[in-house]
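Listed here are the chains, written in short residue letters.
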Amino acid sequence: MRSEQTKTRAPISSSGDEHADELRGQALERFLAFVEWPALQETLSRHAESAAGRSAARRLLPAFEAERVRAFRSATQEASALLASAALARLEGLSDLPEVCERRAREGRPFDSRELRGVASTIRVGASARQAYAASPALGALCAQPSAAVEAEALLAAEIEEAIGPYGQVLDAASETLRETRRALVRLLALLEERLGFLCRDGSVVLALLEQRPVRHEGRPCLLVRASELHRVPGPLLHREGERYYVQPDALAPDYNALRDLQVAEREECARITELLSSAVAEREASLLDLARGLIQADLHQAMARLAQARDFTSLGDVSGSDSRVRLEGARQPLLSEETGCVPIDLDLPRERRLLLITGPNGGGKTAAMKTLALCAVLNQCGAAAPVRSGALPIYQGFVAVAESQSSVGEGVSTFQAHARDLAQALRAATPGSLLLLDEIGRGTDPGEAAALAQAVLEHVLAGPELTVLATTHLPELKRFARARPDAACAAVGLDEGGQPTFQLTMGEVGRSYALEAARQAGLPPSVCERAGVLHRGQEPQ
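As a starting point, this report considers the structure included with it. Residue indices begin from 1 for each chain and proceed along its sequence in written order. A pLDDT threshold of at least 70 governs which residues receive local features in this predicted model, and a stricter bar of 80 or more applies before side-chain atom pairs are shown or counted, although totals over entire chains, interfaces and linings include all residues. Side-chain calculation: all heavy atoms of the structure are included, whereas hydrogens and water are not.

## Observations regarding the overall build of the protein
Part 1 of the argument: Segments assigned H or I by DSSP are reported as helices when at least four residues long, segments assigned E as strands when at least two residues long, and all are numbered from the N terminus. Looking only at helices and strands, one finds 18 helices and 14 strands in the protein.
Part 2 of the argument: Only the C-alpha atoms count toward the radius of gyration. The rule for a globule is 2.2 Å times the residue count to the power 0.38. Taken over C-alpha atoms, the radius of gyration comes to 34 Å for the protein, far larger than the 24 Å a tight globule of 542 residues would show.
Part 3 of the argument: Burial classes: relative accessible area under 20% of the type maximum marks a residue as buried, over 50% as exposed, and values in between as partly exposed (1.4 Å probe, protein chains only). A total of 542 residues make up the protein; the buried ones form 48% of that total.
Part 4 of the argument: Long-range pairs, those at least 24 residues apart, make up 71% of the contacts in the protein with a sequence separation of at least 6.
Part 5 of the argument: Computed with the Shrake-Rupley method and a 1.4 Å probe, the accessible areas treat only the protein chains shown as cover for residues. Total accessible area on the protein stands at roughly 25,500 Å², and carbon and sulfur atoms take up 51% of it. The criterion used for residue contact is that any of the two residues' heavy atoms lie within 4.5 Å.

Here it is in structure tokens:
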């Protein structure tokens, strides 16, 4: 359970057919883009404590295996209980060890000092989390380790903390050699400062100086000399700022050589220390990665609990054993759930109804209702609560969507050709148990042919493997089709008396498109709208 949810790729079970798996992965990407899942990923990331948790939230994808989904939901429910009692684990010190180890392996180098300190911090976070999750089995399993590993890693953390400071600096206490080298450096720097001070009072030098005292460039004592007087202070130029030169006087060359040797010795000793610690970490890398992945996932569950508390989300149940295929009460659009004007919808689709056809005016909320169900399903299969008063959903085996298709002049593809291509890909990707969204099916061509094609597609889907299908349309033929099918249901959105969308979803109803009213509100000339009304009613004079 521990590592699966933090992967960047879609956690789709392999079918043994690489092409089919690739097709399902691409379908999932298009589905998540259509329902605007990235916006919810970003919202969730703001509730994570660690940078690693925020990064994982932005990559979070749904699971499709019932056991994993239920385990994820249990972990989030435990996090919500801990949040209610102000007892969540503190995870802000968690390092993104999976990313660090991948980068280190790619670059072929040891861990650097900051990365080592991150390892120690992650070990300490793990120990704290085990205490916080002592009575939370699902969360506790994420950071559980054998006692021998716990003891070994606690010693490793102490060893790192003794040698590496909180900002990644190698400490004097790391080795006696390093301590003595740095003491020698301090003494030599003080001696250099003193001897440079004597030079500043030398009559042949003083006229060349912009400051009558030693200065430092990148920690190295030197003199600040006028450009026109450089000949008075021979020596290597460390830096130039316009007419200001930082000079290392030749008169003190032996001291500077000694300083260089000590600095090299310090760097080499620091490298030796970090390489030793890096080797110790590498020996336990598999165990540490397992711990880090579990803690990152725990951070995700705690973020889900905070999001649920902040937005009044409720955990969804399973529909298995009930008469409903889908049941959502008081469901709010997750992307709008914080807004006071967000209109909740109720959606209860009986088990025998595999198709829900949503109709109504443009801008009335047809697609929004579809996305509300879709996002609630994705949240549920990530282990998160959803913006509902109550509800239950199945655990879908796949997510597939066909939305607005873009024409391509360069590729010679029209809008309808693109739509037909997307339909074909969706039909191949929609495996049994999937949720299939068809937004404005049959768009972009002759309405009569579009209706015939759309009906044929729906008949094909309903005659095939078990799917749950949500479709939106303005086509009258599809409305009649859905009303006549025992395995289909209708729902409608509408307008109020003032011609404004209500965004309410009414089950069992068929909605009007109100295209002419929308055209008037959009500012088309009244004469054009009146003429359109005459033509629509068939009142054109012969």
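## Quick look at the pairing of strand S6 (residues 324–331)
Side-chain positions along a regular strand alternate between the two faces of the sheet.
Part 1 of the argument: The element S6 is extensively covered by neighbouring structure, given that six of its eight residues are classed as buried.
Part 2 of the argument: A pair of strands is treated as paired once DSSP finds two or more bridges between them. With five bridges connecting them, S6 and strand S7 (residues 345–350) associate as antiparallel partners. Paired with Ala331 across the bridge in S7 is Ile345.
Part 3 of the argument: In this structure, S6 lies alongside strand S9 (residues 390–393), joined through three bridges in antiparallel fashion. Its bridge partner lying in S9, Glu329 is registered against Ser390.

## What to know about the nonpolar core
Part 1 of the argument: Working definition of a nonpolar core: buried Ala, Val, Leu, Ile, Met, Phe, Trp, Tyr and Cys residues. They are joined through side-chain atoms within 4.5 Å. Ranked by internal contacts, the top residues of the largest apolar core, which has 76 residues, are Phe31, Trp37, Tyr133, Leu328, Leu393, Phe399 and Leu437.
Part 2 of the argument: Ignoring anything within four residues of it in the chain, the contact list for Trp37 reads Leu32, Leu60, Leu375, Val378, Leu379 and Cys382.
Part 3 of the argument: Core analysis: the second largest hydrophobic core is formed by 29 residues, Leu23, Leu355, Val402 and Ala429 among them.

## Here's the deal with the sheet that holds strand S12 (residues 468–472)
Part 1 of the argument: Read from one edge of the open sheet, six strands run S10-S11-S12-S8-S13-S14, paired in mixed fashion. Here the strands that pair on one side only, and so sit at the sheet edges, are strand S10 (398–402) and strand S14 (506–507).
Part 2 of the argument: With five bridges connecting them, S10 and strand S11 (residues 434–438) associate as parallel partners. Paired with Gly398 across the two strands is Ser434, which belongs to S11.
Part 3 of the argument: With axes taken as lines fitted to C-alpha atoms, and helix axes fitted only over the stretch in contact, angles between N-to-C directions fall between 0 and 180 degrees. In this fold helix H13 (residues 366–382) packs onto strand S8 (355–359), S10, S11 and S12, with an angle of close to 150° to the strand it touches most, S12.

## Let's talk about the environment of Glu36
Part 1 of the argument: Along the polypeptide, Glu36 turns up in the loop between helix H1 (18–34) and helix H2 (37–45).
Part 2 of the argument: The spacing of Glu36 and Ala227 is 191 residues in sequence and 61 Å in space, taken between C-alpha atoms.
Part 3 of the argument: Filtering out sequence-adjacent residues up to four positions away, Glu36 remains in contact with Leu335 and Lys371.

## Comments concerning the sheet that holds strand S3 (residues 237–241)
Part 1 of the argument: Reading across the sheet, the four strands line up as S1-S2-S4-S3 and stay open at both edges, with antiparallel pairing between neighbours. Every interior strand has two partners, whereas the edge strands, strand S1 (215–217) and S3, have only one. For this sheet, the mean angle separating the axes of adjacent strands, direction not counted, is 40°.
Part 2 of the argument: Both strand S2 (residues 220–226) and strand S4 (residues 244–247) contribute to a ladder of four bridges, which runs antiparallel.

## Some words on the environment of Arg332
Part 1 of the argument: Tracing the sequence through the fold places Arg332 in the loop between S6 and S7.
Part 2 of the argument: In this structure Arg332 comes out as buried when scored by relative accessible area, which is 15%.
Part 3 of the argument: As a C-alpha pair, Arg332 and Glu211 span 121 residues in sequence and 69 Å in three-dimensional space.
Part 4 of the argument: A polar contact is formed between the side chain of Arg332 and the backbone oxygen of Arg311, at a distance of 3.3 Å. For the purposes of these results, a polar contact is taken to be a pair of N or O atoms within 3.5 Å, where, inside protein, one atom must be able to donate a hydrogen and its partner to accept one; residues adjacent in sequence count only when each atom of the pair is a side-chain atom.

## Some words on the pattern of salt bridges
Part 1 of the argument: Salt bridge, as used here, is a side-chain nitrogen of Lys or Arg placed within 4 Å of a carboxyl oxygen of Asp or Glu. Under the criterion given, the structure shown has 33 salt bridges.
Part 2 of the argument: The salt bridge partner of Asp318 is Arg70, with a shortest N-O separation of 2.9 Å. Linking Asp318 in strand S5 (residues 317–318) with Arg70 in helix H4 (residues 66–84), this pair joins segments that are 248 residues apart in sequence.
Part 3 of the argument: Here Arg70 falls in the partly exposed class, since its relative accessible area comes to 38%.
Part 4 of the argument: Taken together, the salt bridges that share partners define one network made up of Glu99, Arg103, Glu107, Arg109 and Glu115.

## Points about the packing of helix H5 (residues 97–107) against helix H12 (residues 285–311)
Part 1 of the argument: At a minimum axis separation of 8 Å, H5 and H12 run at an interaxial angle of 140°. Taken as axis vectors, H5 and H12 run oblique relative to one another. Contacts from Leu97, Pro98, Cys101 and Arg104 in H5 reach Glu285, Leu288, Leu289, Ala292, Arg293 and Ile296 in H12.
Part 2 of the argument: Polar here means any residue other than Ala, Val, Leu, Ile, Met, Phe, Trp, Tyr, Cys and Pro, which are nonpolar, and Asp, Glu, Lys and Arg, which are charged; Gly is therefore polar. Looking at the contact of H5 with H12 residue by residue, the classes come out as seven nonpolar, no polar and three charged. An angle counts as roughly parallel when it lies under 35 degrees, as roughly antiparallel when it exceeds 145, as roughly perpendicular when it falls between 65 and 115, and as oblique in every other case.

## Remarks on the packing of aromatic side chains
Part 1 of the argument: Centre distance within 6.5 Å is the pairing criterion for rings of Phe, Tyr and Trp, where only the six-membered ring of Trp is used; planes under 30 degrees apart are then read as stacked, over 60 as edge-to-face, and the remainder as tilted. Counted according to the given criterion, the structure contains three aromatic pairs.
Part 2 of the argument: Between the aromatic rings of Phe31 and Phe399, the centroid separation amounts to 4.9 Å while the plane-to-plane angle is 20°, which identifies the pairing as stacked. Here Phe31 is found in helix H1, whereas its partner Phe399 is found in strand S10, with 368 residues between them in sequence. You'll find Phe31 and Phe399 in the same group, each marked buried.
Part 3 of the argument: Arranged with centres 5.5 Å apart and planes meeting at 55°, the rings of Phe64 and Phe399 form a pair that is tilted. Here Phe64 is found in the loop between helix H3 (51–58) and H4, whereas its partner Phe399 is found in strand S10, with 335 residues between them in sequence. You'll find Phe64 and Phe399 in the same group, each marked buried.
Part 4 of the argument: Put simply, the rings of Phe31, Phe64, Tyr396 and Phe399 pair up and form one aromatic cluster.
Part 5 of the argument: Across from the ring centre of Phe34, 5.0 Å away, lies the NZ or CZ of Lys371, which sits over that ring. Counting as a charge over the ring demands two things of the Lys NZ or Arg CZ atom: a distance within 6 Å of the ring centre and an angle within 35 degrees of the ring normal.

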